[in-house]
Amino acid sequence: IRNLTKYYGKSRGIIDVNMEVREGEIFGFIGPNGAGKSTTIRTLLSFIFPSGGSAKIFGMDCFNESEKIKMDIGYLPAEVNYYDDMKVKDLLLYSSKFYKKDCSKRIKELCDIFELDLNKRIDSLSYGNKKKVAIIQSLLHRPRLLILDEPTGGLDPLMQNKFFELLREENKRGVTIFFSSHVLSEVQKMCNRVAIIKEGKILRIGEVDELAGDKFKKIKIEFANDETIELPGMVNVQKKDKTMEFLFSGKVDRLIKSLAGVRVENLWIEEPSLEEVFMHYYQSEN
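Conventions adopted
- Residues numbered from 1 in each chain as written.
- Predicted model: local features only at pLDDT ≥ 70, side-chain atom pairs only at ≥ 80, totals over all residues.
- Heavy atoms only, no water.
- Pairing = 2+ DSSP bridges.
- Helix = DSSP H or I, 4+ residues; strand = E, 2+ residues; numbered from the N terminus.
- Axes fitted to C-alpha atoms, helices over the stretch in contact; angles between N-to-C directions.
- Contact = heavy atoms within 4.5 Å.

Caption draft 1: Examining the sheet that holds strand β3 (residues 26–30) more closely. The 6 strands are arranged β7-β8-β9-β3-β10-β11 in an open sheet whose pairing can be described as mixed. Each edge of the sheet is formed by a strand with only one pairing partner; in this case those strands are β7 (73–76) and β11 (201–207). Ignoring strand direction, the axes of neighbouring strands in this sheet form an average angle of 15°. As paired strands, strand β8 (residues 145–149) and strand β9 (residues 176–181) are joined by 5 bridges and run parallel to one another. Considered in β9, the bridge of D149 is made with S180. Along the sheet face, helix α5 (residues 127–139) touches β7 and β8 and points at about 170° away from the line of β7.

Here you go:
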């Protein structure tokens, strides 16, 4: 993706988005609702057209060669709408005809995994079961690339685990996965690299471990008295009574030396979660 921009009239969609997803990786795309995740995805799939910039998938232009590209993409939208009076089986077989291959065995296999009744009518399904239909629809033709937009909404924890297990199996088989979500724990669990988007602009792209662990440590200090310390590299500082918490990007040796002059009851040094680092990037850009 190169300088991809989309305006809706004068309203901002996305601005100069640049990123490269490597073949065979699970790439996370994170940001709160309204940050531009779905706009980026819908532009990639040429459901909407950009105001500027370019994008390629499998080396092909997303806007001029969209039909060819879509033969090898599985797409799971955030919200799913189907023909209510169709049966699950008929809908999935109808979908499979777009790919000009027999997907009946794969459909049966996926319905067994997700415990979905093929003979149920769409209008009788719960939101969670409709989401299962969408997941199966995205996987039935064995795509090379999966584009997932907020994929776990409506799935109970057991089904979420089955879904993640299936994604890992697909990835081992060589499938590239573009995983867009505002649920940071999911992204941390599943992804190798991640892009953080805010108000239509990319803030940061990096390895999940690097974003969550290498730059910052999560520090919690419990003082014997109502003390405090100040050091360069301290961010997101929270002080309550005798306890102080913050993210720290400086050298731990300096931190320890700064504590020599105060009485410390307890000290915790941990790896921060992606969520804590994400909030730092969001707050520091305000």
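Caption draft 2: The sheet that holds strand β2 (residues 11–17), seen in detail. Spatial ordering of the open sheet is given by β2-β1-β4, a layout of 3 strands whose pairing is antiparallel. With partners counted over all chains shown, the strands left at the sheet margins are β2 and β4 (52–54), one partner each. For this sheet, the mean inter-axis angle between neighbouring strands, taken without regard to orientation, is 20°. Sheet topology note: the strand β1 (residues 2–8)/β2 ladder contains 4 bridges and is antiparallel.

Nothing here speaks to function; it is geometry throughout.
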